[in-house]
Amino acid sequence: GLSIYNNVLLAPGEKLSFNSLLGPVTVKAGWKEELVIKEGGNKTVPEAGGGLCQVSTTVYRALVEAGIEVTERRAHSYLVSYYVRDDDPRSGIDATIYPGSQDLVFVNDTPNYILLQTDTSGVDAYVKIYGTSDGRKVELSGPVKSGWVDPGKPILVPTSSLPVGQTKITKAAHQGRTVRWTQTITRPDGSIEKNDIVSVYKAIPAEGMIGVATAEVSAVTL
């Protein structure tokens, strides 16, 4: 996925949709299946192209750092550990994509061409934006975390495969919270633009199974 965005050249004023470069995201097209968040966070299932949000998030973070105009972006429905770790200097700055429904769109709002290049080093992904500086300076302030929401009790499905009363969690819970950053762009003429980057993550209860007698499973099924 990262390689698709290597050596992408944008003219001044040109708009780019992240999804427009993907082509068909199918197993037949060569994509692997990984977990995808669906139905507003209520379902997480393996699907072709799962994990592509790691690419869109890295692209988005580069755009934010460079002060490039972003016209469409949405955070993940719930907290994804590798985007909101406490040791992550850009915790809460993420961008989810899903062809046909959710996109990351940005515009080259500089007076010159910009070039996107991507690379990896070990397990780390990099997106670099090259261009002619127009003198803008970018500062980021955050993260400010608030609005903590407890996920509540686990949702347990009865099963006879476990001893009666024993539970097994198959999907971890996610606390809800709001993460806010402020992006300040200062232009050469002294004008200042402030943009709020707000990510609202839903509270999602854990899911799992609880052991019951066979007769009870049958009753629930019926």
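Preceding this section is the structure that the text describes.
Before going into details, it helps to say that this report is about the structure given with it. (Residues numbered from 1 in each chain as written. Predicted model: local features only at pLDDT ≥ 70, side-chain atom pairs only at ≥ 80, totals over all residues. Heavy atoms only, no water.)

With respect to the overall build of the chain
Step number 1: Along the chain, the regular secondary structure elements total two helices and 14 strands.
Step number 2: With the C-alpha coordinates aligned to their principal axes, the bounding extent of the chain is approximately 75 × 45 × 30 Å.
Step number 3: Counting over 222 residues, the chain shows a buried share of 37%.
Step number 4: When the accessible area of the chain is evaluated, it comes to approximately 12300 Å², of which 53% is carbon and sulfur surface.
Step number 5: Once the 22 positive and 24 negative side-chain charges of the chain are each reduced to a mean point, those two points are 3 Å apart. (Helix = DSSP H or I, 4+ residues; strand = E, 2+ residues; numbered from the N terminus. Buried < 20%, exposed > 50% of the residue type's maximum accessible area, 1.4 Å probe, protein only. Areas by Shrake-Rupley, 256 points an atom, 1.4 Å probe, with all protein chains shown as cover. Lys, Arg positive; Asp, Glu negative; His and termini not counted. Charge placed at Lys NZ, Arg CZ, Asp CG, Glu CD.)

Some points on the pairing of strand 7 (residues 114-121)
Step number 1: One ladder, built from three bridges, connects strand 1 (residues 8-10) with strand 7; its direction is antiparallel. Considered in strand 7, the bridge of V8 is made with L116.
Step number 2: Relative to strand 8 (residues 124-131), strand 7 runs antiparallel, the two sharing eight bridges. Paired with L115 across the two strands is Y130, which belongs to strand 8.
Step number 3: Counting the residues that bridge the hairpin from strand 7 to strand 8 gives two residues, and of these G122 lies at a positive phi of roughly 65°. (Pairing = 2+ DSSP bridges.)

Description of the sheet that holds strand 10 (residues 155-159)
Strand pairs in the sheet, formed through backbone hydrogen bonds, run parallel or antiparallel to each other.
Step number 1: Read from one edge to the other, the open sheet built from three strands follows the order 10-14-11, with strand pairing classed as mixed. If you trace the sheet from one side to the other, it starts and ends with strand 10 and strand 11 (167-171), each paired once. Between one strand axis and the next, the sheet turns by 30° as a mean value, whatever way the strands run.
Step number 2: Bridge count between strand 10 and strand 14 (residues 207-211): five bridges; the pairing is parallel. Pairing of L156 across the sheet is with G208, part of strand 14. (Axes fitted to C-alpha atoms, helices over the stretch in contact; angles between N-to-C directions.)

Side note on the pattern of salt bridges
Step number 1: In this structure the tally under the stated criterion is seven salt bridges.
Step number 2: In this structure, the salt-bridge partner of D94 is R73, at a minimum N-O distance of 3.5 Å. Taken together, the positions of D94 in the loop between strand 5 (69-72) and strand 6 (105-107) and R73 in the loop between strand 5 and strand 6 put the pair 21 residues apart, joining distant regions of the chain.
Step number 3: Its relative accessible area of 1% is what places D94 among the buried residues.
Step number 4: R187 serves as the salt-bridge partner of E193, at 3.0 Å between the closest nitrogen and oxygen.
Step number 5: Relative accessible area serves as the criterion here: at 32%, E193 is assigned to the partly exposed category.
Step number 6: Each of D109, D134 and R136 takes part in salt bridges that share partners, so that together they form one network. (Salt bridge = Lys/Arg side-chain N within 4 Å of Asp/Glu carboxyl O.)

What about the side chain of T96?
Step number 1: For T96, the position within the fold is in the loop between strand 5 and strand 6.
Step number 2: The exposure class assigned to T96 is buried, which follows from its relative accessible area of 12%.
Step number 3: Once residues lying within four places of it in the same chain are set aside, the contact partners of T96 are C53, S56, R74, A75, H76, Q102 and D103. (Contact = heavy atoms within 4.5 Å.)

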